[in-house]
Amino acid sequence: MYRSALASLVLLSSATLVQAKPTGADETEFRALYKQLVEINTTLSVGSCTSAAKAMAARLKAAGLADEDLQILAPPERPNDGALIARYPGSDTKAEPILLLAHLDVVEARREDWERDPFTLVEENGFFYARGASDDKAMAAVFTDSLIRYKSEGFVPRRGITLALTCGEETPDTFNSVEWLLQTRPDVLKAAFVINEGAGGELNARDEPVALQVQAGEKVYQDFHLEITNPGGHSSRPVKDNAVVQLAGAIGRIGAYQFPIRLNPVTRAYFQRQAELSDSAVAQDMQAVLRDPPDEPAAQRLWARNPGWNGTLRTTCTPTMIDGGHAPNALPQRAKANVNCRILPGEPVDAVRAKLVELIADEKIALSLAGKPGLASSPPPLSREILDPVRTVAHRVWPGVAIVPTQSTGATDGRFLNAAGIPTYGISGMFHDAEGSRAHGLNERIRVKSLLDGRRFLYELVKIYAMQ
């Protein structure tokens with residue numbers, strides 16, 4: 001990318017956008033694509049990402065993409081976990097492509113728990129309801145639709161566009177496409193940068209867009225396993241060494257501990273921007289945590305208002321599961337627990353482990369990593385080349401909306417790509433109210449207007465990026 005040419009590129013791309021078909025002209029086709037994708041079951045238990053990948057590949061082929069530019073890749077032993085890799089060539093073969101990343105797999109959903117069939121797309125009261133309606137088939141459908149529209153218009157980007165619709169984001173300990181492709185076919189994910197899930201937009205109480213988030217970096221996900229064993233015995237003869245009591249004490253100390261506040265350029269910019277959008281009391285507390293040293297009482301007040309703000313400020317470790325004992329009338333022979341940590345970028349996992357050992361303060365309690373070690377990486381830079389096109393398109397779609405940098409407290413496939421040195425940004429343009437999308441939960445949803453506005457936003461944004 002060349003910063004000096006940015007303004008002219010934005011103007012050039014804006015002119016190109018004016019010549020495109022009206023946004024609503026092919027909305028019917030998009031709705032059909034979205035419905036088809038959402039209604040393909042892609043759960044780990046009984047679904048198939050490969051079926052969804054084939055369906056989207058068929059649509060891209062029908063639009064005119066060449067066979068050699070469409071691949072469905074999966075390990076031989078996991079035939080249902082296929083990922084679609086689609087290439088949309090650019091005019092400059094030396095320029096690295098943009099990678100559009102979305103995952104096809106969804107979290108399990110049981111019909112008896114939902115108000116509606118989770119695998120039938122329902123439009124009701126201004127919302128789409130279904131498993132995956134938001135996470136992440138909204139972006140997968142929009143990205144696929146964008147390539148189809150570019151092809152129908154004869155759009156020729158300067159840099160190529162790669163679409164990766166992957167599998168296993170929700171169940172990475174079983175299999176994850178992005179991780180597997182980086183190990184076996186890194187060439188198909190090679191990119192200048194990546195647009196991924198991870199950030200949306202905030203609506204106020206009147207359903208008006210107030211803040212569009214751009215995610216740069218995410219915390220490291222790491223589970224720790226605690227376990228203690230004991231000889232046990234009859235509960236009528238209690239002893240001082242009780243496995244449940246000892247483990248409970250350790251968990252209590254971990255739960256009560258607050259890691260220190262540590263801001264990076266992204267989270268500092270986030271709180272600076274949020275302070276401008278918040279009422280005076282919240283704004284004052286946000287300004288207080290930005291000071292050196294940060295104001296801990298102010299951070300505690302922010303935590304009470306929004307737990308996500310506390311997760312943005314610091315590493316967090318919280319007990320999530322506990323199990324102990326084998327009979328109600330016996331002293332416990334074993335007790336174990338899981339502690340889930342979300343670690344700030346740049347903070348070593350070993351340092352967090354050492355702090356947990358210190359808090360446990362009991363040599364009889366074994367502490368170990370659960371699952372694979374978390375991948376650490378630094379947040380990618382939020383340069384003008386990334387943010388200026390976002391501002392250009394956002395102010396066209398949502399005049400006056402604030403652009404807010406953010407760092408994800410959760411985990412996406414971006415952690416694999418950032419760790420591999422490929423800058424990955426969460427940009428969706430899909431706005432939610434205070435209740436959110438209910439992703440991973442019952443009755444997942446997305447506002448119809450949010451999806452259609454996000455479709456327009458991403459379509460125009462990718463065009464600008466592709467002309468840089």
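Before any of the text, the structure's been laid out above.
This write-up is about the structure you can find in this document. (Residues numbered from 1 in each chain as written. Predicted model: local features only at pLDDT ≥ 70, side-chain atom pairs only at ≥ 80, totals over all residues. Heavy atoms only, no water.)

### Brief notes about the state of the cysteines
Link 1 in the chain: Counting across every chain of the model gives two disulfides.
Link 2 in the chain: Two residues, Cys49 and Cys167, share a disulfide whose sulfurs are 2.2 Å apart. Linking Cys49 and Cys167, the disulfide has an S-S dihedral of approximately 70 degrees and is accordingly described as right-handed. Placement of the pair is Cys49 in helix H3 (residues 49–63) and Cys167 in the loop between strand S6 (161–166) and helix H5 (177–184), with a sequence separation of 118 residues. Here the two residues Cys49 and Cys167 agree in accessibility, since each one is buried.
Link 3 in the chain: Paired through a disulfide, Cys317 and Cys341 show a sulfur-sulfur distance of 2.0 Å. With the S-S dihedral at roughly 115 degrees, the linkage between Cys317 and Cys341 falls on the right-handed side. Taken together, the residues span a long stretch of sequence, with Cys317 in strand S12 (residues 316–324) and Cys341 in strand S14 (residues 334–343) at a distance of 24 residues.
Link 4 in the chain: Exposure remark for Cys317: the relative accessible area of 9% places this residue in the buried category. (Disulfide = S-S within 2.5 Å. Helix = DSSP H or I, 4+ residues; strand = E, 2+ residues; numbered from the N terminus. Buried < 20%, exposed > 50% of the residue type's maximum accessible area, 1.4 Å probe, protein only.)

### Quick look at the layout of surface pockets
Link 1 in the chain: Here the second largest pocket is characterised by a volume of approximately 350 Å³.
Link 2 in the chain: Contributing to the lining of the second largest pocket are 17 residues, with Arg87, Ala95, Pro97, Gly160 and Thr162 lying nearest its centre.
Link 3 in the chain: The set of elements that each furnish at least two residues to the lining of the second largest pocket consists of strand S2 (83–88) and S6.
Link 4 in the chain: It is S2 that contributes the most residues to the lining of the second largest pocket, three residues altogether.
Link 5 in the chain: A class-by-class count of the residues in the lining of the second largest pocket yields seven nonpolar, five polar and five charged. (1 Å grid on protein atoms, 1.4 Å probe; cavity = no way out; pocket = protein on both sides within 12 Å on 5 of 7 lines; lining within 4 Å. Points joined across faces, edges and corners; volume = space filled by probe spheres on them. Nonpolar A, V, L, I, M, F, W, Y, C, P; charged D, E, K, R; others polar.)

### A word on the sheet that holds S12
Link 1 in the chain: Sheet architecture is open: four strands sit in the order S12-S14-S10-S15, paired in antiparallel fashion. The outermost strands of the open sheet, each flanked by one partner alone, are S12 and strand S15 (366–370). Going across the sheet, the axis of each strand differs from the next one's by a mean of 25 degrees, ignoring polarity.
Link 2 in the chain: In this fold helix H6 (residues 243–256) packs onto strand S10 (220–229), S12 and S14, with an angle of close to 10 degrees to the strand it touches most, S14. (Pairing = 2+ DSSP bridges. Axes fitted to C-alpha atoms, helices over the stretch in contact; angles between N-to-C directions. Contact = heavy atoms within 4.5 Å.)

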